[in-house]
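Overview (structure and organization)
Here is what each chain is made of, one letter per residue.
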Amino acid sequence: MAGSQIISRRAALAGLGVAASGCATSGERGGLARVDGLNIEYTRRGHGRPTIVFESGLGDGMGVWEQTIAGLHSGVATFAYSRPGYGASTPTDDAERTSEEAAALLKATLRAAGVHPPYIMVGHSLGGLYIAKFADIYSSDVLGMVFVDARPPRFRALCEQRGVARCAGGLPQPERPPAAAAEGAGVRASEDSAPFPRRIASIPATIIASTTEWTGEGGATAHALWMEAQIAFYQRFEDARFVRAEGAGHYVQRDRPDLVATEIDRLIARL
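All of the points below concern the structure found in this document. The structure presented is a predicted model; accordingly, all values stated were derived computationally and were not measured.

What counts as what
Residues numbered from 1 in each chain as written. Predicted model: local features only at pLDDT ≥ 70, side-chain atom pairs only at ≥ 80, totals over all residues. Heavy atoms only, no water. Salt bridge = Lys/Arg side-chain N within 4 Å of Asp/Glu carboxyl O. Helix = DSSP H or I, 4+ residues; strand = E, 2+ residues; numbered from the N terminus. Buried < 20%, exposed > 50% of the residue type's maximum accessible area, 1.4 Å probe, protein only. 1 Å grid on protein atoms, 1.4 Å probe; cavity = no way out; pocket = protein on both sides within 12 Å on 5 of 7 lines; lining within 4 Å. Points joined across faces, edges and corners; volume = space filled by probe spheres on them. Expected span 1.5 Å × (residues − 1). Phe/Tyr/Trp six-rings, centres within 6.5 Å; stacked < 30°, edge-to-face > 60°. Lys NZ or Arg CZ within 6 Å of the ring centre and 35° of its normal.

Right, let's get into the pattern of salt bridges. This structure, assessed with the given rule, holds 14 salt bridges. The partner of D136 in a salt bridge is K133, with the nearest N and O atoms 3.3 Å apart. Here K133 and D136 lie together in helix α4 (residues 126-137), a separation of 3 residues that amounts to about one turn. Judged on exposure class, the residue D136 and its partner K133 are both buried. The partner of E191 in a salt bridge is R151, with the nearest N and O atoms 2.6 Å apart. Taken together, the positions of E191 in helix α7 (residues 187-192) and R151 in the loop between β7 (142-148) and α5 (155-162) put the pair 40 residues apart, joining distant regions of the chain. Neither E191 nor R151 differs from the other in exposure class; each is buried. When salt bridges with common partners are traced through the structure, they connect E55, R83, R97 and E183 into a single cluster.

What follows is about unusual backbone geometry. Glycine aside, residues mostly have negative phi, and peptide bonds are mostly found in the trans state. Geometrically, the link from R49 to P50 is a cis peptide bond, its omega value of 0° lying close to zero. In this model, P117 is joined to P118 through a cis peptide bond whose omega is 10°. Here P118 is to be found in the loop between α3 (99-112) and β6 (119-124). You will see that S125, though not glycine, has its phi angle at about 55°, which is positive. Position of S125 among the secondary structure elements: in the loop between β6 and α4. Although it is not a glycine, D149 sits at a positive phi angle of roughly 45°. Within the secondary structure, D149 sits in the loop between β7 and α5.

This paragraph deals with the layout of surface pockets. Of the voids in this model, the second largest pocket is the one considered here, and its volume is about 220 Å³. Those elements giving two or more residues to the lining of the second largest pocket turn out to be α5 and α8 (220-234). For the lining of the second largest pocket, the element with the most residues is α8, which contributes 4 residues.

As a further point, take α3. A rise of 1.5 Å per residue sets the reference length of α3, with its 14 residues, at 20 Å; its end C-alpha atoms lie 20 Å apart and thus fit the reference within 8%. With 12 of 14 residues buried, α3 lies mostly within the body of the structure. Here α3 has its buried residues at S99, E101, A102, A103, A104, L105, L106, K107, A108, T109, L110 and A112. Looking one or two residues past α3, G114 carries a phi angle of roughly 75°, positive in sign.

On to the packing of aromatic side chains, then. Inspection of every chain in the model, using the stated rule, returns 10 aromatic pairs. The interplanar angle of 45° and the centroid separation of 5.0 Å between the aromatic rings of F54 and W65 together place this pair among those described as tilted. Separated by 11 residues along the polypeptide, F54 in strand β4 (residues 51-55) and W65 in the loop between β4 and α2 (66-70) bring together distant segments of the chain. Exposure remark for F54: the relative accessible area of 0% places this residue in the buried category. Judged by relative accessible area, which is 0%, W65 ranks as buried. Each ring, one from F147 and one from F237, has its centre 6.1 Å from the other, and the planes form 45°; the classification is tilted. A residue pair is termed long-range when its members are at least 10 positions apart, and F147 in strand β7 and F237 in the loop between α8 and β9 (240-245) qualify at 90 residues. Site record: aromatic cluster; members linked through ring pairs are Y42, F79 and Y81. A cation over an aromatic ring shows up here: K107 above the ring of Y138, its NZ or CZ 5.2 Å from the ring centre. The aromatic ring of Y251 is capped on one face by R254, whose charged end is 4.7 Å from the ring centroid.

So this is what it looks like as structure tokens:
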């Protein structure tokens, strides 16, 4: 990463000072939010409240949501961003990133970008653990949640209990870029600190689960266990909708962006 600024995230998050700058066009605004020494890339579309906040999975920046956002109702306000090390956001040199740290960074980024609550949180894969933690810490900010083939809490522990290989999924550690490696290293801590079922089960939620096995899961047995965990996760909520994304692999927002957009709109209607 020649020419890139590398900052220790733990040092940067010690006192989350915030500022924002960027350009604006009709219906779309964005740029870089300055969060205590880190530049965080973001984009906003639409106006009004609530705002739909998108949290990507391990290894992804905000671009993974483009098709989904394009399919939403034109009047819906949206916010997407790239965590440190992805897209134009500042890389960091940390060895681990946990859901608690990700939630704190997102809160500060929203503040810097001038995006005020309430929010509807949308999280894919590992981003599901991140939005769950965000809702746990900042519960008064969150109206609803959409989990897009999200990693269920304590899935790794379930895999280990059943003796299923490659529980973590994704690329082997040596092939991951630094930001993804840090997030992969923090999976266990993020699962262990997940708030379910006690604290956020009353928040309306939609759980979207893939139906097609993908290479990162390591086989049909692991995929079946993933689906089992998704259903158990859904059953912990008091007001929830479970959706099978027929024909879609792990990246439901790419395989079926229409489905994800429709389910977000449906959650808004429920609220």
